Structures are given as C-alpha cells and as structure tokens.
Amino acid sequence: MTGRISIALVLLSALFVSCAQRTAQRLQEEIGRGHALYEERRYSEAMEAYSLAETMALKAEDYHSLGTIYQKIAHTYNATGGHSDEIAYLDKALEAFEKAGKPYSSLHIYFEGGVARYNSQDYASAEKVFRNTMFQAHQAADTLLEAACLEAYAALCLETSRQDPDLAISMLARKANELKCPLTCEDRGMLAYAYALVGDFKEASAWISKALQSAETPSETAQAKFREYQVAYRSGDEAAALAALEAVMEHGNSLQASSLQRSVESARKEYQAHQLELSQHRLRSTRLTVAFVILAALAVVFALTGYIRYRRLEAAKALAEEKAETEKYMTIAEELQGRLKAASKRLPSEKHMAIAKFDLLERLCEQYYVYEGTDNLQGKILKEVKSVIEGLREDPKAIKGLEMMLDRNCDGLVSRLREQMPKLKAEDVKLFIFAACGFSSTTISTILEKDKGIVYNRIWRLKGKISGSDAPDREEFLDSINS
C-alpha cells in the first residue's frame, strides 16, 4: 500500500512539473509572438499578445516575466506616442523586477523611466532619476549604464530652460576619458551645440564635422544636421543654418513617406472592421457631445482649482528655496569664519584683507542670530554676508590674503607652487588656494559660481597636472588639497 501511495505521489509531482513547464513555455511563446508583432509594427495585435501573456504571468506569479511584459508594453506605447502610458508601465515593470529580486534589471528599467520622463519634457523628474542612476551604476561598476546615463544627462542639460553647457561638456568628457566609452554621433553633436552655447564656435565647428563624419544612418545624419543648424544659427551664419534645416526637413519628409507606405496595407485590412463600428459611433456621438460639454465645464473648474493650488505650491517652494539659500550662505559664512580664524591665530602682528573679512563675517554671523525672526534685519545681514563671500571671487586682495596665510602657516606653500610650476594658470592657483584652505566643495562652488560637478572635475584636472609635473614638492601639494 505504501509503495502504491509513493508511486502516485511521484506521478502527481511529475504531472505538476510537466504542467508548470508547459505553462512557462506557452508564456514565453506568447511574449515572443508579441515581440514579433511589435517588430512588424502591428501594435494593436502585439498589445493583445502581451495582455494574454500578462494574465498568464500573474496567474503563475512569475514576476520576472511580468516585468519583461510590462517593459515591452511600455515600448509599444512609446512607438505609438503614448508617453504617459509608457511611464506608467515602466513603473510597473520596475515594481515587478524588484519583487523578482532582479536588481540589475530594476536599475536599467529605472533609467528607462527617466528617459521616458525626459521625452515627455518632465525634466525635473528625469534629472532626479539620472542622478540616482549614475550613483547606483557607479557603485555597481555598470560602466555601460553609467555612460548611457551621462549621455542622457548631458542632453537634458542642453534642453532645459536653464541650460548648463559646461556641465554637459564635463559629463561627455567623463564618459570618454574616465569610462573609456567612445563618443557616438549624437554625443559629438551635443558637444558641438554645447561649445556654441559657451561661444567657442571654432570647437563647435570641429565637433560638427566629427558628428557628420561618424553618422552611419539617415537618422544620425539628420540629428547631426540639426545640431549644425543650431550652431550656425547661434554663430549668425543664416545661410548655413537654413541649408542644414532644409536637410533635416527632407529627412523628415522621407520618413513620413516610408511610414505611409508601410501603413497602407495595415489600414486596408482594418477598414472593414472600422466600418462595422461606425454606425455605433454615430449613435453615441450625441451622448458624447453632451458628456464633452459637461467634462469641459468640469475641466475649467478643475483647472482653476489646480491653478490656485499651483500658485500656493509655487509660493511655498519659493519660500523653501529662499530658506535653503539662506542656510547655505550662513553655513558657508561660518565655515569661512572658522577657517580664517584658525589661520589668523598664527598671524597676530598682521592685519590683512582676508583677516579683516573674517572679522566682518564673525560680526555678521553674530548679528544674524541675534536678530533671528526679524526678517528685515536678517535680510540685510544676509545680503552683506553674500557680498563678503562673493567678494572672494574677484577681490585680488582677499585672494592674496589667503595666499599669505597659507605661505605663513605651511612654509611658503603657494609661493613654492608658483615657483615649481610657473606655467600653472591663475585660475588653477586660485582653486588650489581655496582647496588648500580646507574649503568644502559647496563653499568653492558658491564662491566660483560653478556647479559642484564642474568643481570636482577642475580639482581632478589640477591634481593630474600636479602629479604629472616635475615639481619636487608635488606630493605635499597633492596632500594639501586632498585633506
């Protein structure tokens, strides 16, 4: 009896495994069928296949396959211009891959979501995604994803209303130099436009030539021509700009013609089915018209309500940004105060500009907290604090004072740097002084009015110049800006 029960259990187990295998095989076949239909641009049929596969994956609790299905549905929506649905399904794919315990797939889907948000012009959300992805890809040593994220972030820097061409250039330089990833035709076009934005039209022209030479497809050629139009327009060469724009328009017309040719056969097949539905649509048109009027009225009400709420949120956001800026400047002021105070203790007999600024900062910081809650007085004090901090950017006397303190405190550190590296630019020497004084990256970026990323890159390049030099004290110079 026991032997028969064992045999029955074995048979049941084998039957269960066989059913599960057949279900998994059928699921993968359905996903493959949907992808084949997608490649043939039969999007409505592809969606039907993906929907059937979704039902099967949910029933089997196969979250990895479910994530793949949602990703492909998102791609289908992207092909048909449904960016909001694309984002929604990429978010579903991310959730499914996380449930399946697939961090690699999750990170790549997260990045795809950022690109989709960028394409829908939600630049703030896209920037947040790109920042997080760059950090996580760097931590995971995923060079290809990090390079793709740098490229996408660079494009965002050139498309937003607050363009940052310097940051775009530094990101593409990091992709090529640090990650050793070759620049694409699109990358070179972006570099050309970025250099045009900063007024370096010679460099912009060189990168446009490289972009056109590396273009391998008509689409890439059109992208490079569009960048050529942007560069020519900014340089004032209207004839070249018009010629480049005409080339882009010709490419767009050819794409529309080929797309129309592909669509004719599909449209013919769908015509008869649409005719059957036409009579029903006509019967419903009156009801839809009434519903539309009602919805339009509701939309006006919601729009007004939304506008009022938006104005309130904008006001709250502006207040929060003002508060954050105040805290940033006061923190920087206290840092400068501490650094200059520590350095000035070794200069009791001299009263230089930098020490005078320390005295002023100390008094201003004390007054700021004394008058805390008094908006008018605090605002005036903050304005003076900003003036002192920003004065370090252009005031030669203040920079000279910092240099004097470093020389006295560190056995002629800056003088030795100038003597041993006479070809070092004045801007590099200034950056060296700020870093050697122990100023944080936030403080340096505020003084120089540069993004932190640009400051990091400049310090990194400065370290490279020092380490590659023949200066006898180069190790001491490097230690002073590494601490």
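Here the structure is a predicted model, which means the values were calculated and not measured. Every chain is numbered independently, its residues counted from 1 as its sequence is written. Local features in a predicted model are, by the rule used here, given only for residues with pLDDT of at least 70; side-chain atom pairs are given and counted only at 80 or more, and totals for whole chains, interfaces and linings are based on all residues. In computing side-chain values, all of the structure's heavy atoms are included and hydrogens and water are not.

**Digging into the nonpolar core**
Then, number 1: Phe130, Tyr153, Leu158, Met171 and Leu191 are the most contacted members of the largest nonpolar core, which totals 38 residues.
Then, number 2: Each helix corresponds to a stretch of at least 4 residues labelled H or I by DSSP, and each strand to a stretch of at least 2 residues labelled E; elements are numbered beginning at the N terminus. Looking at this core, the elements with two or more residues in it are helix H5 (103-119), helix H6 (123-139), helix H7 (143-159), helix H8 (165-177), helix H9 (185-197) and helix H10 (201-214).
Then, number 3: For this core, the element with the most residues is H7, which contributes 11 residues.
Then, number 4: By convention a nonpolar core is built from buried Ala, Val, Leu, Ile, Met, Phe, Trp, Tyr and Cys residues, the set being connected through side-chain atoms within 4.5 Å. Relative accessibility decides the category of a residue: with a 1.4 Å probe and only protein chains considered, values under 20% of the type maximum give buried, values over 50% give exposed, and everything between is partly exposed. Listed in part, the 30 residues of the second largest apolar core include Leu417, Met421, Leu448 and Phe477.

**Things to note about the confidence of the model for the protein**
Then, number 1: Mean pLDDT over the protein: 75, with 72% of residues reaching 70 or higher.
Then, number 2: The quantity known as pLDDT measures the predictor's confidence residue by residue, on a range of 0 to 100. Whether two residues are in contact is decided by their heavy atoms: any pair within 4.5 Å suffices. Counting interchain partners and residues more than four positions distant, the pLDDT-below-50 stretch residues 345-357 has 28 contacts.

**Describing the side chain of Asp187**
Then, number 1: Position of Asp187 among the secondary structure elements: in helix H9.
Then, number 2: When its relative accessible area of 0% is taken as the criterion, Asp187 is described as buried.
Then, number 3: Whenever a nitrogen or oxygen atom comes within 3.5 Å of another N or O atom, the pair is scored as a polar contact, on the condition that within protein one atom can donate a hydrogen and the other can accept it, and that pairs from neighbouring residues in sequence are kept only if both atoms are in side chains. At 3.0 Å, the side chain of Asp187 and the backbone nitrogen of Thr184 are in polar contact.
Then, number 4: Filtering out sequence-adjacent residues up to four positions away, Asp187 remains in contact with Glu151, Leu172, Lys175 and Pro182.

**A few points about helix H20 (residues 474-482)**
Then, number 1: Of the positions making up H20, those classed as buried are Phe477, Leu478, Ser480 and Ile481. Around the axis of H20, the buried residues are gathered within 160° of arc, so they sit on the same side.
Then, number 2: Looking at the buried residues of H20, the elements they touch are helix H16 (413-420), helix H17 (426-436) and helix H19 (452-467). Relevant arc is that of directions from the helix axis to the C-beta atoms, nothing else.

**What to know about unusual backbone geometry**
Then, number 1: Of note in this structure, Lys180 is not a glycine but carries a positive phi near 60°.
Then, number 2: Looking at where Lys180 falls in the secondary structure, it is placed in the loop between H8 and H9.
Then, number 3: Looking at Lys180, the relative accessible area reads 65%, which means it is exposed.
Then, number 4: Non-glycine residue Asp411 carries a positive phi angle of around 60°.
Then, number 5: Judged by relative accessible area, Asp411 falls into the exposed class, the value being 64%.

**Some thoughts on the pattern of salt bridges**
Then, number 1: Just to be clear on terms, a salt bridge is a Lys or Arg side-chain nitrogen sitting within 4 Å of an Asp or Glu carboxyl oxygen. In the structure shown here, the tally under the stated rule is 17 salt bridges.
Then, number 2: The closest approach of N and O atoms between Arg131 and Glu127, which form a salt bridge, is 3.3 Å. Of this pair, Arg131 and Glu127 are both found in helix H6, four residues apart, which corresponds to roughly one turn of the helix.
Then, number 3: Judged by its relative accessible area of 44%, Arg131 falls in the partly exposed class.
Then, number 4: A salt bridge links Lys175 to Glu151, with the nearest nitrogen and oxygen atoms 3.1 Å apart. Of this pair, Lys175 sits in helix H8 while Glu151 sits in helix H7; the two residues are 24 residues apart in sequence, bridging distant segments of the chain.
Then, number 5: Relative accessible area serves as the criterion here: at 4%, Lys175 is assigned to the buried category.
Then, number 6: When salt bridges that share partners are traced, they join Glu40, Arg42 and Glu45 into one network.

**What to know about the packing of aromatic side chains**
Then, number 1: Note on ring pairs: Phe, Tyr and Trp rings are taken, using the six-membered ring of Trp, and paired if centres are within 6.5 Å. Classes follow the plane angle, with under 30 degrees stacked, over 60 edge-to-face and the rest tilted. Per the stated rule, a full pass over the model turns up nine aromatic pairs.
Then, number 2: An angle of 55° between the planes, with centres 5.8 Å apart, marks the rings of Tyr38 and Tyr43 as tilted.
Then, number 3: Using a relative accessible area of 22% as the deciding quantity, one classes Tyr43 as partly exposed.
Then, number 4: Through a chain of ring-to-ring contacts, the aromatic side chains of Tyr70, Tyr77 and Tyr89 assemble into a single cluster.
Then, number 5: The criterion is that NZ of a Lys, or CZ of an Arg, lies within 6 Å of the ring centre and within 35 degrees of the ring normal, and then a charge sits over that ring. The ring of Tyr89 carries the charged tip of Lys92 above its face, separated from the ring centre by 4.7 Å.
Then, number 6: The lysine or arginine in question, Lys210, covers the ring of Trp207, its NZ or CZ lying 4.1 Å from the ring centre.

**A look at the packing of helix H3 (residues 63-79) against helix H4 (residues 83-99)**
Two packed helices can be described by the angle between their axes and the distance between those axes.
Then, number 1: Inter-axis angles, ranging from 0 to 180 degrees, are taken between N-to-C directions of lines fitted to C-alpha atoms, where helices are fitted over the stretch in contact. With their axes 8 Å apart at the nearest point, H3 and H4 run at an angle of 165° to one another. Of the possible angle classes, the one that applies to H3 and H4 is roughly antiparallel. Every pair of crossing elements has a handedness; the one defined by H3 and H4 is left-handed. Across the interface between the two elements, Tyr63, His64, Leu66, Gly67, Thr68, Tyr70, Gln71, Ile73, Ala74, Tyr77 and Asn78 of H3 pack against His83, Asp85, Glu86, Tyr89, Leu90, Lys92, Ala93, Ala96, Phe97 and Lys99 of H4.
Then, number 2: Polar here means any residue outside two lists: the nonpolar Ala, Val, Leu, Ile, Met, Phe, Trp, Tyr, Cys and Pro, and the charged Asp, Glu, Lys and Arg; Gly therefore counts as polar. Grouping the amino acids of the contact of H3 with H4 by side-chain chemistry returns 11 nonpolar, six polar and four charged. Oblique is the label for any angle not under 35 degrees, not over 145, and not in the 65 to 115 range, which are roughly parallel, roughly antiparallel and roughly perpendicular in turn. Crossing handedness follows the turn of the near helix against the far one: under a right angle anticlockwise gives a left-handed crossing, and clockwise gives a right-handed one.

**Notes on the packing of H17 against H19**
Then, number 1: Between H17 and H19, the least distance of the axes is 11 Å, while the angle of their chain directions is 105°. For the element pair H17 / H19, the angle class is roughly perpendicular. Residue-level inspection shows Glu427, Asp428, Leu431 and Phe432 of H17 in contact with H19, the latter providing Arg458, Ile459, Leu462, Lys465 and Ile466.
Then, number 2: Partitioning the contact of H17 with H19 into residue classes produces five nonpolar, no polar and four charged.

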